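Listed here are the chains, written in short residue letters.
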Amino acid sequence: MISRTFNRYIWLLNTLIQHKRLTFEEISNRWDNSRLSDGKPLALRTFHTHRDAIFDLFEIEIKCDTSTYEYYVSTMEPLRKDMTKKWLLNSFTLSNMIEAGHNMKDRILFEEIPHGTEYLQTVIDAMLQSKELEVDYQSFYGHRSTYHMHPYAMKVYNQRWYVVGYIKEKEGIRNIALDRTLELTIGTETFVLPDDFDAEEYYANTVGIFVNENQKPQKVVVRAFGKHVEYMRTLPLHHTQKESKTIHEEYSDFQYKLCLTPELSTHLLAMGEKVKVLEPEELRSEIKNRLLATIQNYE
């Protein structure tokens, strides 16, 4: 469990996010009714200490409107720009809620993250120290290999942790899945993170974890039908998504700038009859062929 002090930071931040603007008296009243108070009032000095801590942790400033003496979160922009901070806040918030209601832990279900999380600290240490990783790795195809990797970044995808970086044996940037890692240690050789490598930019035009550096992103148009339109609006397939055409209660066309990767096709196939690829023709043909192959499996 996270510390009670940290829980208080999360409680204060979420209280102001939910209620928008509150005076210190209103915050104190809500504090008195929370489990965190332990029957003790919220001291003004403690409140200001928590404000400072929230700024240090999340770069979110809690300001005071001197005309009404109400406190409010000045902007949520730091969380929108930093997915790590947003993920941490969401994780700590959920942990806080579960701890608050002990009988709720069996009623909030999570997707299981496979084997591999035990290597997270080692990978982070190697990244901080700019040290090479020695990886004993076994792919899904059964091949077992030893790699020497310069870890550039980490990414979560489909409940799996991946490390992306330069692999000497491959002579290029690749990724490895930590759940396929048999052993991982920090080597003695150091490396320099390339100035032109940016993790977000590296994955900017792809869906999933696979990147083909020889591919160029191209225009992709997908038509969604019926209620699936709202699903696409609220959970975009990719950050480049733009709604280009809408026929009310019938369909909407969504446009993207993407590389044509196997994971993109798999995502679209998973939507079944709810979507249709309009362009490019190359992607239309692949989806059609894979659907035909699926039908043959049932004949």
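Treat the numbers as computed from the prediction; the structure is a model and nothing was measured. (Residues numbered from 1 in each chain as written. Predicted model: local features only at pLDDT ≥ 70, side-chain atom pairs only at ≥ 80, totals over all residues. Heavy atoms only, no water.)

Caption draft 1: Summary view of the overall build of the chain. For the chain, the count of helices and strands is 10 helices and 12 strands. By the burial criterion, 37% of the 299 residues in the chain qualify as buried. When the accessible surface of the chain is totalled, it reaches about 18700 Å², and 50% of it is carbon and sulfur. (Helix = DSSP H or I, 4+ residues; strand = E, 2+ residues; numbered from the N terminus. Buried < 20%, exposed > 50% of the residue type's maximum accessible area, 1.4 Å probe, protein only. Areas by Shrake-Rupley, 256 points an atom, 1.4 Å probe, with all protein chains shown as cover.)

Caption draft 2: Structural context of the pairing of strand β10 (residues 242-247). Relative to strand β11 (residues 251-258), β10 runs antiparallel, the two being bridged by 5 bridges. If you follow Lys242 over to β11, its bridge partner there is Gln255. The turn linking β10 back onto β11 is made up of 3 residues, and Glu249 within it adopts a positive phi angle of 65 degrees. (Pairing = 2+ DSSP bridges.)

Caption draft 3: Layout of the pairing of β11. In terms of burial, β11 is a largely internal element, 6 of the 8 residues being buried. Alignment of strand β9 (residues 218-225) against β11, held across 8 bridges, turns out to be antiparallel. Of the residues in β11, the one forming a bridge with Val221 is Gln255.

Caption draft 4: Broad picture of a negative patch on the surface. A surface patch of negative charge is lined by Asp195, Asp196, Asp198, Glu200 and Glu201. Assessed through its relative accessible area of 62%, Glu200 is described here as exposed. (Patch = residues over 30% accessible without salt bridge, like charges linked within 9 Å, V, L, I, M, F, W, Y side chains within 5 Å. Salt bridge = Lys/Arg side-chain N within 4 Å of Asp/Glu carboxyl O. Lys, Arg positive; Asp, Glu negative; His and termini not counted. Charge placed at Lys NZ, Arg CZ, Asp CG, Glu CD.)

Caption draft 5: Local environment of the sheet that holds β9. Taken in spatial order, the 4 strands make up an open sheet running β10-β11-β9-β12, and their pairing is antiparallel. Looking at strand neighbours, the two that pair on one side only are β10 and β12 (275-279), the edges of this open sheet. For this sheet, the mean angle separating the axes of adjacent strands, direction not counted, is 25 degrees. (Axes fitted to C-alpha atoms, helices over the stretch in contact; angles between N-to-C directions.)

Caption draft 6: Region of interest: the side chain of Thr261. With respect to the secondary-structure elements, Thr261 resides in the loop between β11 and α9 (262-270). In contact with Thr261, other than residues within four places in its own chain, are Thr206, Val207, Phe210 and Gln215. (Contact = heavy atoms within 4.5 Å.)

Caption draft 7: Structural detail: the sheet that holds strand β4 (residues 131-138). With antiparallel pairing, 5 strands are arranged side by side in an open sheet as β7-β6-β5-β4-β8. Looking at strand neighbours, the two that pair on one side only are β7 (172-177) and β8 (181-190), the edges of this open sheet. Adjacent strand axes in the sheet meet at a mean angle of 45 degrees, parallel and antiparallel pairs treated alike. Direction of pairing for β4 relative to strand β5 (residues 144-157): antiparallel, over a ladder of 6 bridges. Along β5, the bridge assignment pairs Gln138 with Arg144. Packing against the sheet, helix α6 (residues 120-129) makes contact with β4, β5, β6 (160-167) and β8, and its axis sits at approximately 90 degrees to β5.

Caption draft 8: Region of the structure containing the environment of Thr15. Residue placement: Thr15 occurs in helix α1 (residues 4-19). Of the residues examined, Thr15 reaches a relative accessible area of 8% and is grouped as buried. With 16 residues separating them in the primary sequence, Thr15 and Trp31 have C-alpha atoms 9.5 Å apart.

Caption draft 9: Fine view of unusual backbone geometry. Looking along the chain, the bond that leaves Glu279 and enters Pro280 is cis, with omega of 5 degrees. The phi dihedral of Glu249 is positive, around 65 degrees, even though this residue is not glycine. Position of Glu249 relative to the elements: it lies in the loop between β10 and β11. Its relative accessible area of 71% is what places Glu249 among the exposed residues.

Caption draft 10: Fine view of the nonpolar core. Leu133, Val135, Ile176, Leu178 and Leu184 are the most contacted members of the largest nonpolar core, which has 26 residues in total. At the level of elements, α6, β4, β5, β6 and β7 are the ones that each hand at least two residues to this core. Excluding its chain neighbours within four sequence positions, the residues that come into contact with Val135 are Ser145, Thr146, Tyr147, Ile176, Thr181, Glu183 and Leu184. Among the nonpolar cores identified, the runner-up in size contains 21 residues, and Leu16, Trp31, Ile60 and Ile62 belong to it. (Core = buried A, V, L, I, M, F, W, Y, C linked by side-chain atoms within 4.5 Å.)

Caption draft 11: Broad picture of α6. Among the residues of α6, Leu120, Val123 and Ala126 are the ones counted as buried. Looking down the long axis of α6, one finds its buried residues gathered within 130 degrees of arc, a one-sided arrangement. Of the surrounding elements, those touching the buried residues of α6 are β4, β5, β6 and β8. At the C-terminal side of α6, Ser130 shows a positive phi close to 55 degrees. (Arc of directions from axis to C-beta.)

Caption draft 12: A look at α1. Given a rise of 1.5 Å per residue, 16 residues ought to cover 22 Å, and the 22 Å separating the end C-alpha atoms of α1 matches this to within 8%. For α1, every residue scored as buried is listed here: Phe6, Asn7, Tyr9, Ile10, Trp11, Leu12, Leu13, Thr15 and Leu16. Where α1 ends, the next residue or the one after it, Lys20, has phi of about 70 degrees, a positive value. (Expected span 1.5 Å × (residues − 1).)

Caption draft 13: Expanded view of the environment of Glu61. Relative to the assigned elements, Glu61 resides in the loop between α3 (44-58) and β2 (62-65). Here Glu61 falls in the partly exposed class, since its relative accessible area comes to 37%. For Glu61, the residues in contact, after removing those within four places along its chain, are Phe55, Tyr72, Val73 and Ser74.

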